[in-house]
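Listed below, chain by chain, are the residues.
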Amino acid sequence: MTPHAPAVPSASAPDTPPASRTHVVVIPSFDTGSQVYKTVNAARARWQPVFVVVDGSRDGTGEGLQQMAANDPGLRVWVLPHNQGKGAAVLRGLQEAHAAGFTHALTMDADGQHPAQMIPSFMQASQQRPDAMILGRPVFDDSAPLLRVRGRRVSNWWTNLETLGAGVADSLYGFRVYPIDSLIAVMQAQHWMRRFDFDTEAVVRLAWRGVKPINRDAPVKYLSAEEGGVSHFRYGRDNALLSWMHTRLMIGFVLRLPVLIWRRLRRQPPFQP
């Protein structure tokens, strides 16, 4: 049964800076309820265009977002017929952005955890270094579950090893700007990275490809249920997925190790200043 659809904001298109011809915001969304409307409005207030990919949501927000887009030329929405996973939704957004001529995409979650107010500064950093990926380094407050904060240290340790210390400060925080062509090429070369494993595997494989990571502090907010927070993270399922992902990446790392060592010694991408 489809849950009752959250009310759709009736406001017209927000007043935003001129549309970028190179950089776009991509927001994947799955059953986030009315929070997605707040996230999209916050993103649109600071950037255009914004692309939203609704990943088979059953909460009625796909229809609501399409209504918003009908009144906002800076917002485009695609609704996938069924849930395919975060990575798959991001890939669809990247493909649409590439077809429209964009070169870079800032990804952010729909659940209100990521700081929309920092979109312009991340985009500016990307414009200054279009060869790099601009990665959010999370600054946690008291809302962050301690188990999540400690648990990500394990993934960060493995990521640092798998990239031979290329400089990825956080492997899981999805508030980032990616070069679109490079990320599409990485994802189309294999069939992983379609679900929760997307964020970590993306930075590792892009680093292997020679894309330099540049880290910028960004706050993260874990909303309570009363505040509209929704989490689809499942400790057992998703940690098993991460374990399998790091197993694959370690195999790839061993195979690439001579090349990575050579690049590091010669200070070639992604190890350049």
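This write-up is about the structure you can find in this document.

Here is what the cut-offs are and how they apply
Residues numbered from 1 in each chain as written. Predicted model: local features only at pLDDT ≥ 70, side-chain atom pairs only at ≥ 80, totals over all residues. Heavy atoms only, no water. Helix = DSSP H or I, 4+ residues; strand = E, 2+ residues; numbered from the N terminus. Buried < 20%, exposed > 50% of the residue type's maximum accessible area, 1.4 Å probe, protein only. Areas by Shrake-Rupley, 256 points an atom, 1.4 Å probe, with all protein chains shown as cover. Patch = residues over 30% accessible without salt bridge, like charges linked within 9 Å, V, L, I, M, F, W, Y side chains within 5 Å. Salt bridge = Lys/Arg side-chain N within 4 Å of Asp/Glu carboxyl O. Polar contact = N/O pair within 3.5 Å; in protein donor to acceptor, adjacent residues only side chain to side chain. Pairing = 2+ DSSP bridges. Contact = heavy atoms within 4.5 Å.

### A word on the overall build of the protein
Reasoning step 1: If you tally the helices and strands in the protein, you get 8 helices and 7 strands.
Reasoning step 2: In the protein, which comprises 273 residues, the share counted as buried stands at 52%.
Reasoning step 3: Split by element, the accessible area of the protein, about 12,600 Å² in all, is 55% carbon and sulfur.

### Describing a nonpolar patch on the surface
Reasoning step 1: Together, V154, W157 and W158 give the surface a local cluster of nonpolar side chains, amounting to about 330 Å² of exposed area.
Reasoning step 2: Structurally, the position occupied by W157 is in helix α5 (residues 146–162).

### Let's talk about the side chain of H104
Reasoning step 1: Inspection of the secondary structure assignment puts H104 in strand β4 (residues 104–107).
Reasoning step 2: You can call H104 buried: its relative accessible area is 6%.
Reasoning step 3: At 2.8 Å, the side chain of H104 forms a polar contact with the backbone oxygen of P130.

### Let's talk about the pairing of strand β5 (residues 132–140)
Reasoning step 1: Note: β5 against strand β7 (residues 212–220), 9 bridges, orientation parallel. The residue of β7 that forms the bridge with P138 is A218.

### What to know about the side chain of S20
Reasoning step 1: With respect to the helices and strands, the residue S20 is situated in the segment before β1 (23–29).
Reasoning step 2: Within the local environment of S20, its side chain forms a polar contact with the backbone nitrogen of H23, the two atoms lying 2.9 Å apart.
Reasoning step 3: With near-sequence residues (within four places) excluded, S20 lies in contact with W47, Q48, P49 and F102.

### Some words on the pattern of salt bridges
Two side chains bearing opposite charge may form a pair once their charged atoms approach each other closely.
Reasoning step 1: In this structure the tally under the stated criterion is 12 salt bridges.
Reasoning step 2: For R92, the salt bridge is made with E96, and the minimal N-O distance between the two is 2.9 Å. A residue pair is termed a helical-turn pair when its members lie 3 or 4 positions apart in one helix, as R92 and E96 do in helix α3 (residues 86–99) at 4 residues.
Reasoning step 3: The exposure class assigned to E96 is partly exposed, which follows from its relative accessible area of 21%.
Reasoning step 4: Across the pair R248 and E201 runs a salt bridge, and its minimum N-O distance is 2.5 Å. Of this pair, R248 sits in helix α8 (residues 235–265) while E201 sits in helix α7 (residues 198–208), and the two are 47 residues apart along the sequence.
Reasoning step 5: Salt bridges linked by common partners bring D197, E201, R205 and R248 together as one network.

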